[in-house]
Amino acid sequence: SITVPRSSTVSRVEKALSSRLPVPMSSVLLAEVYRSRIHRYLDPNLPLSDVRAEDQLFAFETLQTAQDLVRYQERHAPTRQRREPRTEEVKAS
């Protein structure tokens, strides 16, 4: 566990973690977890004030870069698309 000022950014969290983790920060991905699910991956420039107080931040060691994982998520994560109601033509005789 680390403590950083709420007025700082995710980058400050990364710097604080870098001295405590046995892996390089290039292989670490920070995520905001809400109700036991990953809500979003955190950009280093994101202000911590944008993170909800009840959410938790987790650091995951990855074999790919954070950018690769975000691109993968954008391509393969299911998107919720609004279904348009079907309209059928009715022929009157």
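Anything mentioned here points back to the structure above.
Computed from a predicted structure; not experimentally measured.

Colleague: Run through the sheet that holds strand S1 (residues 28-34), naming residues and quoting values.
Modeller: Strands in a sheet are paired, the pairing made by backbone hydrogen bonds, and the direction either parallel or antiparallel. The antiparallel open sheet is built from three strands, whose spatial order is S2-S1-S3. In the strand order of this sheet, the two ends are held by strand S2 (37-41) and strand S3 (56-61), each with one partner. Mean inter-strand twist for the sheet, computed between neighbouring axes without regard to direction, equals 45 degrees. Here six bridges tie S1 to S3, and the two strands are oriented antiparallel to one another. Bridge assignment links Leu29 to a residue of S3, and that residue is Phe60.

Conventions used here
- Residues numbered from 1 in each chain as written.
- Predicted model: local features only at pLDDT ≥ 70, side-chain atom pairs only at ≥ 80, totals over all residues.
- Heavy atoms only, no water.
- Pairing = 2+ DSSP bridges.
- Helix = DSSP H or I, 4+ residues; strand = E, 2+ residues; numbered from the N terminus.
- Axes fitted to C-alpha atoms, helices over the stretch in contact; angles between N-to-C directions.

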